[in-house]
Amino acid sequence: MRYPEGGGLTAERRAFREGIRLRAGRRFAAGEKTSVIAKDLRVSVRSVERWRRAWREGGLEALRSAGPANSPAVTDAQFAMLEEELGRGPAAHGFEDERWTLARVQTVIRQQFRLSLSMATVWRLLKRHGWSWQAPARRALERDEHAVELWKKEVWPRVKASRRPMVAGSSSRTRPGSP
């Protein structure tokens, strides 16, 4: 199934799925068997079992949609606070140099908002608010051009050649020529 841009289910699709769960809930109350409900509603037995557990614990309300799963974890107000913190600089947060990395931003989010976000989520959050990665304006003063050229000529060919040669073969153990 393809989801619309922005991920997640549309409100219409979410309502449709909620309707199926509620129909199942009414059939639980009537005492119908899980396998019969699954067959009639054209869903898996495992889904019906999961719904039945939720229904036992919370009734029909437990089968209602909780809303979109992809709602942002950081609110706009929190992001405004995050921008203020980022504006103070990494040193203000105990980092040794003045570079913001995703890991550092992730740490600030964890400390400020008690939220644990993945690196990918941090990147999407920053990108959504107009932040971008930065490239250095110039090469590092410490760069040794002679050492770079030497590495390209002597080390890189050995590293590149150390890969296993590509040979035709089969991944099947029943075919001749397989390892």
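Residues numbered from 1 in each chain as written. Predicted model: local features only at pLDDT ≥ 70, side-chain atom pairs only at ≥ 80, totals over all residues. Heavy atoms only, no water.

### Focus on unusual backbone geometry
Next up, step 1: The backbone phi angle of Arg-42 is positive, close to 60 degrees, even though this residue is not glycine.
Next up, step 2: Checked against the element boundaries, Arg-42 lands in the loop between helix 2 (34–41) and helix 3 (45–58).
Next up, step 3: Backbone geometry places Arg-114, a non-glycine residue, at a positive phi of 55 degrees.
Next up, step 4: In this structure, Arg-114 sits in the loop between helix 5 (102–113) and helix 6 (119–128).
Next up, step 5: Residue Arg-114 is classed as exposed on the basis of its relative accessible area of 70%. (Helix = DSSP H or I, 4+ residues; strand = E, 2+ residues; numbered from the N terminus. Buried < 20%, exposed > 50% of the residue type's maximum accessible area, 1.4 Å probe, protein only.)

### As for the environment of Glu-98
Next up, step 1: Topologically, Glu-98 is positioned in the loop between helix 4 (76–88) and helix 5.
Next up, step 2: A residue is classified by how much of its surface remains accessible, and Glu-98, at 56% relative accessible area, is exposed.
Next up, step 3: Ignoring anything within four residues of it in the chain, the contact list for Glu-98 reads Gly-89, Pro-90 and Ala-91.
Next up, step 4: Engagement of the side chain of Glu-98 in a polar contact is seen with the backbone nitrogen of Ala-91, the distance being 3.5 Å. (Contact = heavy atoms within 4.5 Å. Polar contact = N/O pair within 3.5 Å; in protein donor to acceptor, adjacent residues only side chain to side chain.)

### A word on the confidence of the model for the protein chain
Next up, step 1: The predicted model of the protein chain averages 84 in pLDDT, with 82% of residues at 70 or higher.
Next up, step 2: Taken element by element, the predicted model of the protein chain shows its lowest mean pLDDT in helix 7 (residues 145–161) (88) and its highest in helix 2 (96).
Next up, step 3: pLDDT under 50 marks residues 1–7. Its contacts with residues more than four places away, or in other chains, come to 8 contacts. (pLDDT = per-residue confidence, 0-100.)

### Notes on helix 4
The periodicity of an α-helix, 3.6 residues per turn, causes residues three or four places apart in sequence to face the same way.
Next up, step 1: For helix 4, which comprises 13 residues, the first-to-last C-alpha distance of 19 Å matches the rise-based estimate of 18 Å (1.5 Å per residue) to within 8%.
Next up, step 2: Every buried residue of helix 4 is accounted for by Phe-79, Leu-82, Glu-85 and Leu-86. Taken end-on, helix 4 shows its buried residues confined to a sector of 115 degrees, consistent with a single buried face. More than 90 degrees from the buried face of helix 4, the exposed residues found are Asp-76, Ala-77, Glu-84, Gly-87 and Arg-88.
Next up, step 3: Elements that come into contact with the buried residues of helix 4 comprise helix 5 and helix 6.
Next up, step 4: Among the residues trailing helix 4, Gly-89 stands out with phi positive, at a value near 95 degrees. (Expected span 1.5 Å × (residues − 1). Arc of directions from axis to C-beta.)

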